[in-house]
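# Descriptive structure summary
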Amino acid sequence: MDTALWIVAWLLAVMYAVSGVGKMFLPREKIAGVASAAGWVLDFGPGTVKFIGVVEILGAVGLILPALLDIAPELVPLAALGLALVMAGAVVVRLRRREPLVALLDLGYLALCAFVAIGRA
């Protein structure tokens, strides 16, 4: 079980770190042009998109570093819970935009975050 938690946490951390860096440093218009599923960024202001990027980067770090360094490992489930909340918001946005297939993908990420949160609690 511990191996599965590490694998999922690393995969999520890489995904959220890349996603967060993109949201931090790329203009919204460029993000929206990357994929049709990224059009949601135009529904929000640039500050909100950058804030989401910061939260994703901090969550990615929180998924790995506390457990890896064995310094405050109780922060890992909190980071996973925070990212699960971000994904819950993403699901709501996807459903409002009538993107049910992408909402299912976001639900999958939410489930993986919940798996890490529960497994590390």
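One structure accompanies this document, and this report is about it. This structure is a prediction, so every number in the text was calculated from the model and none was measured. (Residues numbered from 1 in each chain as written. Predicted model: local features only at pLDDT ≥ 70, side-chain atom pairs only at ≥ 80, totals over all residues. Heavy atoms only, no water.)

### Considering the packing of helix H1 (residues 2-25) against helix H3 (residues 46-69)
Put simply, H1 and H3 touch, their axes get as near as 7 Å, and they point 150 degrees apart. Here H3 runs roughly antiparallel to H1, going by the angle between their axes. Considering only the axes of H1 and H3, their crossing is left-handed. Between H1 and H3, the residues in contact are Trp 6, Ala 9, Trp 10, Leu 12, Ala 13, Tyr 16, Ala 17, Ser 19, Gly 20, Val 21, Lys 23 and Met 24 and Val 49, Lys 50, Ile 52, Gly 53, Val 54, Glu 56, Ile 57, Ala 60, Leu 63, Ile 64, Ala 67 and Leu 68, respectively. (Axes fitted to C-alpha atoms, helices over the stretch in contact; angles between N-to-C directions. Helix = DSSP H or I, 4+ residues; strand = E, 2+ residues; numbered from the N terminus. Parallel < 35°, antiparallel > 145°, perpendicular 65-115°, else oblique. Left-handed = near helix turned anticlockwise from the far one by under 90°. Contact = heavy atoms within 4.5 Å.)

### What to know about the packing of aromatic side chains
Given two aromatic rings, one states the distance between the centres and the angle between the planes to describe the pair. Here the structure, examined in full by the defined rule, presents one aromatic pair. Relative to Phe 44, the ring of Trp 40 has its centre 5.7 Å away and its plane inclined at 70 degrees; by these criteria the two rings are edge-to-face. Between Arg 120 and the ring centre of Trp 6, over which it is positioned, the NZ or CZ distance is 4.9 Å. (Phe/Tyr/Trp six-rings, centres within 6.5 Å; stacked < 30°, edge-to-face > 60°. Lys NZ or Arg CZ within 6 Å of the ring centre and 35° of its normal.)

### What to know about the pattern of salt bridges
Counted under the stated rule, the structure contains seven salt bridges. Of the charged contacts in the structure, one is a salt bridge between Arg 94 and Asp 106, with a shortest N-O distance of 3.1 Å. Pair noted here: Arg 94 is in helix H4 (residues 75-96) and Asp 106 is in helix H5 (residues 100-120), with a separation of 12 residues, a long-range link. Given the relative accessible area of 10%, Arg 94 is considered buried. A network of salt bridges, in which partner residues are shared, links Asp 43, Arg 94, Arg 97, Glu 99 and Asp 106. (Salt bridge = Lys/Arg side-chain N within 4 Å of Asp/Glu carboxyl O. Buried < 20%, exposed > 50% of the residue type's maximum accessible area, 1.4 Å probe, protein only.)

### Here we look at the side chain of Lys 23
Structurally, the position occupied by Lys 23 is in helix H1. With a relative accessible area of 10%, Lys 23 lands in the buried category. Engagement of the side chain of Lys 23 in a polar contact is seen with the side chain of Glu 56, the distance being 3.1 Å. Look past the residues within four positions of Lys 23 in its chain and what remains in contact with it is Ile 31, Trp 40, Val 49, Lys 50, Ile 52, Gly 53 and Glu 56. (Polar contact = N/O pair within 3.5 Å; in protein donor to acceptor, adjacent residues only side chain to side chain.)

### Side note on a nonpolar patch on the surface
Side chains of Trp 10, Val 14, Val 18, Val 61, Leu 65, Leu 68, Leu 69 and Ile 71 sit close together on the surface and give an oily, nonpolar patch of about 770 Å² of accessible area. Those elements giving two or more residues to the nonpolar patch turn out to be H1 and H3. Considering every element that reaches the nonpolar patch, the biggest residue donor is H3, with four residues. In this structure, Leu 65 sits in helix H3. (Patch = residues over 30% accessible without salt bridge, like charges linked within 9 Å, V, L, I, M, F, W, Y side chains within 5 Å. Areas by Shrake-Rupley, 256 points an atom, 1.4 Å probe, with all protein chains shown as cover.)

### As for the environment of Asp 2
In this fold, Asp 2 is placed in helix H1. The partly exposed category is assigned to Asp 2, whose relative accessible area is 43%. Each C-alpha atom of the pair Asp 2 and Val 116 lies 9.9 Å from the other, and the pair is 114 residues apart in sequence.

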